[in-house]
Amino acid sequence: MVAITEHRLAVSGFAYNSGVPGAFQVPTAFSPTVVKYGADTCSDQPSPTTMAGKIFIPLDYAAFHPTLNDRVSYMVSGWPGYAPVFRGRIDGLTIEDVDGATYGPRFPNSRNLTTLAGWEFTTGTARPVPATGLLTASPHRVGLKAPSEPGAIGGTAAIIRTPRAPVVAGKAYVFTAHANDDFSQPNLEVEWFNAAGTSISTDYVPNHRVAVNDQPWFPIYTEPRLAPATAVKARFIVRLTAPPTGGTVYLDTVNLLTEKETETRQAGRWVSFQASDITASAGRLMIGDEPWPAQDAEQRIGRLSQLVPANVMTFQTNPSDQTMLAYRDIDNQSALSVFQRIATSIGTVAMASPQYETLITTATPPRTTLSLEVVSGTLAIVEDPSLVKIPAGSIRKGPLSTSITGLSNTVKFNYRVATEGGSEDAAATISNTASISNYGPMARTLDTDLPSASGKAWQQAQRMVTAQANPVYRLADSANVVVARLPETLPSWSIFNAMTGFRRLVHVPDAPALIGPYHRINGASMTFGKETKLSLDLEPADLIAPVTVTFYDLSRPPYNNMPFTKFTNLTFLQLGTVSKAADY
């Protein structure tokens, strides 16, 4: 069963503490965190995915305040590891200053330092030396690059030692810190000194590795350490024990507090933030260009990428697409609307990439609940491996409803007709006369850049007026899913990522017969905290008018190389109701 055990928020490469220990001592992300994605229906272009959360920043950690347009990533832990949930940018902030204890960290805050006096750095087997010029450019963290040459004794590649801080003998102290490195987990230690400046002892500090934003981060809260009877100072040590490979170890924060101090909230600031994925940025970016000539989708998307600021956002089709598009004027349009129109033209939707923060790509959903695959050399119909299994017992019961609202028995298909020196708008209409007679006209519009009413988008429009022409029963409200009852599979975890969750097929085998067992996710609201809450907006699986296997599909590998005898167990009726595995 799915169990989310930990949450990790990172802003501009810094992973906030997410645990109760150290919550008011170092910058900490508090629950709940709410993430939402989806569209009105699976046939529509999705809205930007959004995230809302809350952070506490102690008074002495002003350098860790999030700011507008900071990068944000959010992950949750579970099977088989850390699952990405959100990646985007902050577009709204609310702050509130609160009173509390005013004691500060005994160590200098390691972000945005102006001097490294008292810090010591070691590479390889060299003796500690005072640090000079070792601050990273951004975000100004204390860092040390490990040597690239081999031969370090014992595998020690890099060590960072903080300045010494005063302590009181016999008191118990708790260290909190944030550290990371490029290639392995560091060991953490605390070294104690007497009044003469002599090292008394060094204690190993257990630490917890947490992966965030595709990097090994280490938010750390240690068990209390009792200062030796003669101790007057202590320092924190980050020791990288791995073969030197030229990586870098960083230290973002270090704090040293007595047990009593850790129980008291520091003075600080509550920061509530809202963030959106890269498609929101594309929706705010207005562009204009000289008229685009007739060109294929891949070429046009390449031109679109040239119009946006470098390294801010990039567009691509997935996979590449050579569908020909018509001459088009581009004047004062958002980059997102231009890309969405191209996506509609090739029968897909525009979404933020789950892997790359600045990439907007096209996504094709699983087509139908059954897949045509080659099994032991013979064609077979198998269940789609991306199906999410949701036992009905994991969905809190609710009413069912049906309505003519949302039906589409007429599709207006907009395209571009070539004219002398350019092109002009044109439209074709497809109607389902029987549905119009029964329920009245209800229209949907598809805006494309196609040169005629043709191609995948036109075929999709034709399927829509059949698939969406008659009312069906569905859940009247969102499906509130008991997360702990979901099966522990990759498809289940995929729900939590907007890119892989939207339009995903869902199988509820014991659902009421009135709504059937197969559905698609057209929206989700997820709340992460003490209890993970998952609310899904579901629609019948076939309302999206999925593509089934065609003769053209069968003319391509691997099917075109198979003798006819391998098709003996399949009928043409079956081929009309299954999708190709290669399309996933």
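Residues numbered from 1 in each chain as written. Predicted model: local features only at pLDDT ≥ 70, side-chain atom pairs only at ≥ 80, totals over all residues. Heavy atoms only, no water.

1. Some words on the overall build of the protein
Consideration 1: Looking only at helices and strands, one finds 10 helices and 40 strands in the protein.
Consideration 2: The proportion of buried residues among the 584 residues of the protein is 52%.
Consideration 3: For the protein, restricting intrachain contacts to residue pairs at least 6 apart in sequence, the fraction spanning at least 24 positions comes to 75%.
Consideration 4: Total accessible area on the protein stands at roughly 25,600 Å², and carbon and sulfur atoms take up 53% of it. (Helix = DSSP H or I, 4+ residues; strand = E, 2+ residues; numbered from the N terminus. Buried < 20%, exposed > 50% of the residue type's maximum accessible area, 1.4 Å probe, protein only. Contact = heavy atoms within 4.5 Å. Areas by Shrake-Rupley, 256 points an atom, 1.4 Å probe, with all protein chains shown as cover.)

2. Examining the sheet that holds strand S23 (residues 314–316)
Consideration 1: If you walk across this open sheet you meet the three strands as S23-S27-S26, and the pairing is mixed. At either end of the open sheet lies a strand with only one pairing partner, and these are S23 and strand S26 (349–352). Strand after strand, the sheet turns through a mean of 30° between neighbouring axes, direction not considered.
Consideration 2: When S26 meets strand S27 (residues 359–363), the two strands line up antiparallel, connected through four bridges. Bridged to Ala 350 within S27 is Thr 362. (Pairing = 2+ DSSP bridges. Axes fitted to C-alpha atoms, helices over the stretch in contact; angles between N-to-C directions.)

3. Focus: empty space enclosed by the protein
Consideration 1: Within the structure shown, the criterion is met by three cavities of 30 Å³ or more.
Consideration 2: By volume, the largest cavity is sized at about 250 Å³.
Consideration 3: Taken together, 25 residues form the lining of the largest cavity, with Thr 49, Asp 277, Ala 352, Ala 498 and Met 499 sitting closest to its centre.
Consideration 4: Those elements that place two or more of their residues in the lining of the largest cavity are strand S3 (28–38), strand S4 (47–58), strand S6 (82–98), helix H2 (278–284), S26 and helix H8 (498–501).
Consideration 5: Broken down by class, the residue content of the lining of the largest cavity amounts to 16 nonpolar, six polar and three charged. (1 Å grid on protein atoms, 1.4 Å probe; cavity = no way out; pocket = protein on both sides within 12 Å on 5 of 7 lines; lining within 4 Å. Points joined across faces, edges and corners; volume = space filled by probe spheres on them. Nonpolar A, V, L, I, M, F, W, Y, C, P; charged D, E, K, R; others polar.)

4. Remarks on the layout of surface pockets
Consideration 1: Approximately 520 Å³ is the volume found for the second largest pocket.
Consideration 2: Around the second largest pocket, the lining comprises 24 residues; the ones closest to its centre are His 7, Ser 18, Ser 31, Gly 529 and Lys 530.
Consideration 3: Only strand S1 (7–11) and S3 provide two or more residues apiece to the lining of the second largest pocket.
Consideration 4: In terms of residue count, the dominant contributor to the lining of the second largest pocket is S3 (five residues).
Consideration 5: For the lining of the second largest pocket, the residue count by class is 12 nonpolar, nine polar and three charged.

5. What about the confidence of the model for the protein?
Low pLDDT marks stretches whose predicted atomic positions should not be read closely.
Consideration 1: Mean pLDDT over the protein works out to 84, with 87% of the residues at or above the 70 mark.
Consideration 2: Contacts from residues 149–154, a stretch scored under 50 in pLDDT, to residues over four places away or in other chains number six contacts. (pLDDT = per-residue confidence, 0-100.)

6. Let's talk about the packing of aromatic side chains
Centre-to-centre distance and the angle between the planes together describe a pair of aromatic rings.
Consideration 1: Under the definition given, this model contains 12 aromatic pairs.
Consideration 2: When the centroid spacing of 5.7 Å and the interplanar angle of 50° are considered together, the rings of Trp 493 and Phe 496 count as tilted.
Consideration 3: The buried category is assigned to Phe 496, whose relative accessible area is 0%.
Consideration 4: Aromatic side chains Phe 496 and Phe 528 sit 6.1 Å apart centroid to centroid with 55° between the ring planes, which places their arrangement in the tilted category. In this pair, Phe 496 sits in the loop between helix H7 (490–494) and H8 while Phe 528 sits in strand S38 (residues 518–528), placing the two residues 32 residues apart along the sequence.
Consideration 5: Of the residues examined, Phe 528 reaches a relative accessible area of 0% and is grouped as buried.
Consideration 6: An aromatic cluster of three or more residues is present, and its members are Phe 24, Phe 30, Phe 56 and Trp 270.
Consideration 7: It is Lys 54 that lies over the ring of Trp 270; its NZ or CZ is 4.7 Å from the centre.
Consideration 8: A cation over a ring is seen here: Arg 164 above Phe 193, with NZ or CZ 3.7 Å from the ring centre. (Phe/Tyr/Trp six-rings, centres within 6.5 Å; stacked < 30°, edge-to-face > 60°. Lys NZ or Arg CZ within 6 Å of the ring centre and 35° of its normal.)

7. So, the environment of Gly 422
Consideration 1: With respect to the secondary-structure elements, Gly 422 resides in strand S33 (residues 422–431).
Consideration 2: Given a relative accessible area of 12%, Gly 422 falls into the buried group.
Consideration 3: For the pair Gly 422 and Pro 293, spaced 129 residues apart in sequence, the C-alpha separation works out to 8.1 Å.
Consideration 4: Contact partners of Gly 422, with chain neighbours within four places excluded, come to Tyr 327 and Val 417.

8. Regarding the sheet that holds strand S34 (residues 443–447)
Consideration 1: On the basis of which strands lie adjacent, the open sheet formed by three strands has the order S33-S32-S34 and mixed pairing. In this open sheet, the two strands that pair with only one neighbour each are S33 and S34. Across the sheet, the axes of successive neighbouring strands diverge by a mean angle of 25°, strand direction being ignored.
Consideration 2: With five bridges joining them, strand S32 (residues 410–419) and S34 adopt parallel strand pairing. Across the sheet, residue Phe 413 finds its bridge partner in S34, namely Leu 446.
Consideration 3: The strands touched by helix H6 (residues 455–467) within the sheet are S32, S33 and S34, with S32 carrying the most contacts at an inclination of about 160°.

9. Remarks on the pattern of salt bridges
Oppositely charged side chains are able to pair whenever their charged atoms sit close together.
Consideration 1: All told, the structure shown has 13 salt bridges when counted by the stated rule.
Consideration 2: We note a salt bridge from Asp 449 to Arg 341, for which the minimum N-O separation is 2.7 Å. Of this pair, Asp 449 sits in the loop between S34 and H6 while Arg 341 is found in helix H4 (residues 335–345), placing the two residues 108 residues apart along the sequence. For the pair formed by Asp 449 and Arg 341, the shared burial category is buried.
Consideration 3: In this structure, Arg 416 and Asp 425 form a salt bridge, with 2.5 Å as the shortest nitrogen-oxygen distance.
Consideration 4: Residues joined in a network through salt bridges with shared partners are Arg 300, Arg 328, Arg 341 and Asp 449. (Salt bridge = Lys/Arg side-chain N within 4 Å of Asp/Glu carboxyl O.)

10. Here's the deal with the side chain of Gln 468
Consideration 1: Topologically, Gln 468 is positioned in the loop between H6 and strand S35 (474–475).
Consideration 2: For Gln 468, a relative accessible area of 4% translates into the label buried.
Consideration 3: Within the structure, Gln 468 has its side chain in polar contact with the side chain of Arg 444 (distance 3.4 Å).
Consideration 4: If we ignore the near neighbours within four places in the chain, the residues touching Gln 468 are Ser 43, Leu 407, Ser 408, Asn 409, Arg 444 and Leu 543. (Polar contact = N/O pair within 3.5 Å; in protein donor to acceptor, adjacent residues only side chain to side chain.)

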